[in-house]
Amino acid sequence: MKFARFLASSLRRKARRSRSFGPALRGPQRPSEQGFTLIELLVVIVIIGLLGTIVAINVFGALGTSNVAKAKADISVIESALEQYRLDNLTYPSTSDGLNALTAPPPGLAQPERYRVGGYVKKLPNDPWGKPYQYAAPGRHGAFDVYSLGADGQTGGEGENADIYSSDL
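On a predicted model such as this, the values are computed, not experimentally measured, just so you know.

**Comments concerning the overall build of the protein chain**
For step 1, the next point in the chain: Helix and strand content of the protein chain: two helices and three strands.
For step 2, the next point in the chain: If you list the helices and strands of the protein chain from N to C, you get α-α-β-β-β.
For step 3, the next point in the chain: Across the 169 residues in the protein chain, those meeting the buried criterion constitute 25%.
For step 4, the next point in the chain: Sequence-distant contacts, at least 24 apart, represent 44% of the contacts inside the protein chain between residues at least 6 apart.

If you want it as structure tokens, here you go:
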């Protein structure tokens, strides 16, 4: 008798729980409600793959544009340092002294006492493709040119491979 009362109360509690907690505690479901089919999963995976491809194409396309923009910004900073060098030393560095004259006084400097303590830049940056910027004095259209040979590292080219000259900025 005690067992029957215990069993009845246990069943009543279980019935109350299944109503209050919903389908999670009700027991096995019909096969049509168990989950996704393989076709549904494959369709979702293909859609996610297509979206990922579209995003990747847009991101990698913008990478080349950002490298060119960074090179132009670096060249502008180097141009400013060269102007400061000229104001202090009354001339631009020679092509043989190059851009290293911005970090340490060149050996043939006429008045070394005029050279700024600490130099004009702390460290010369490399272009976005890992190569050093080039310097020529006189330049194509002015007193000097600071330039990068682009992604391919060779003169000429188009797009990301195009040369970037300070005189063209």
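Still more to cover.
**Some points on the environment of phenylalanine 144**
For step 1, the next point in the chain: Take phenylalanine 144: it is sitting in the loop between β1 (134–136) and β2 (145–148).
For step 2, the next point in the chain: Residues within four places of phenylalanine 144 in sequence aside, it is in contact with Glu79, Leu82, Glu83, Tyr92, Tyr135, Ala136, Ala137, Pro138, Gly139 and Ser166.

**Here we look at the pattern of salt bridges**
For step 1, the next point in the chain: One pass over the full model with this rule turns up five salt bridges.
For step 2, the next point in the chain: Aspartate 88 is the salt-bridge partner of arginine 116, the closest N and O atoms lying 3.5 Å from each other. Of the two residues, arginine 116 sits in the loop between α2 (38–89) and β1 while aspartate 88 sits in helix α2, which places them 28 residues apart along the sequence.
For step 3, the next point in the chain: One salt bridge connects arginine 140 with aspartate 145, and the closest N-O pair in it is separated by 3.8 Å.
For step 4, the next point in the chain: Look at the salt bridges and you will find they share partners, linking Arg140, Asp145 and Asp168 into a network.

**Concerning the environment of glutamate 113**
For step 1, the next point in the chain: You can see glutamate 113 is positioned in the loop between α2 and β1.
For step 2, the next point in the chain: By relative accessible area, which is 64% here, glutamate 113 ends up exposed.
For step 3, the next point in the chain: The spacing of glutamate 113 and aspartate 88 is 25 residues in sequence and 9.8 Å in space, taken between C-alpha atoms.

**Digging into the sheet that holds β2**
For step 1, the next point in the chain: Pairing within the open sheet is antiparallel, and its three strands lie in the order β1-β2-β3. Strands with a single pairing partner mark the edges of an open sheet, and in this sheet they are β1 and β3 (164–165).
For step 2, the next point in the chain: One ladder, built from three bridges, connects β1 with β2; its direction is antiparallel. Counted as the bridge partner of glutamine 134 is tyrosine 147 from β2.

**Section: the packing of aromatic side chains**
For step 1, the next point in the chain: Scanning the entire structure with this criterion turns up six aromatic pairs.
For step 2, the next point in the chain: Plain terms: the ring middles of tyrosine 85 and tyrosine 115 are 6.2 Å apart, the flat faces sit at 75° to each other, and that makes the pair edge-to-face. Taken together, the residues span a long stretch of sequence, with tyrosine 85 in helix α2 and tyrosine 115 in the loop between α2 and β1 at a distance of 30 residues.
For step 3, the next point in the chain: We classify tyrosine 115 as buried; its relative accessible area is 9%.
For step 4, the next point in the chain: A ring pair is formed by tyrosine 92 and phenylalanine 144, whose centres lie 4.8 Å apart and whose planes are at 55°; its orientation type is tilted.

**Things to note about the nonpolar core**
For step 1, the next point in the chain: Counting residues in hydrophobic clusters, the biggest one holds 21 residues, and the most contacted among them are Leu82, Leu99, Leu102 and Val146.
For step 2, the next point in the chain: Top element by residues in this core is α2. It accounts for seven residues.
For step 3, the next point in the chain: Ignoring any residue separated from it by four or fewer positions in sequence, one finds leucine 82 in contact with Tyr92, Pro93, Leu99, Leu102, Tyr135, Phe144 and Val146.

**Some thoughts on the pairing of β2**
For step 1, the next point in the chain: With burial as the criterion, each face of β2 is covered, one bearing Asp145 and Tyr147 and the other bearing Val146 and Ser148.
For step 2, the next point in the chain: Sheet topology note: the β2/β3 ladder contains two bridges and is antiparallel. Across the sheet, the residue bridging to tyrosine 147 is tyrosine 165, located in β3.

**Structural notes on the confidence of the model for the protein chain**
For step 1, the next point in the chain: In the predicted model, the protein chain carries a mean pLDDT of 83, and 79% of its residues have values of at least 70.
For step 2, the next point in the chain: Across the protein chain, element-level confidence peaks in β2 with a mean pLDDT of 94 and bottoms out in helix α1 (residues 2–21) with 59.

Procedures and definitions
- Residues numbered from 1 in each chain as written.
- Predicted model: local features only at pLDDT ≥ 70, side-chain atom pairs only at ≥ 80, totals over all residues.
- Heavy atoms only, no water.
- Helix = DSSP H or I, 4+ residues; strand = E, 2+ residues; numbered from the N terminus.
- Buried < 20%, exposed > 50% of the residue type's maximum accessible area, 1.4 Å probe, protein only.
- Contact = heavy atoms within 4.5 Å.
- Salt bridge = Lys/Arg side-chain N within 4 Å of Asp/Glu carboxyl O.
- Pairing = 2+ DSSP bridges.
- Phe/Tyr/Trp six-rings, centres within 6.5 Å; stacked < 30°, edge-to-face > 60°.
- Core = buried A, V, L, I, M, F, W, Y, C linked by side-chain atoms within 4.5 Å.
- pLDDT = per-residue confidence, 0-100.

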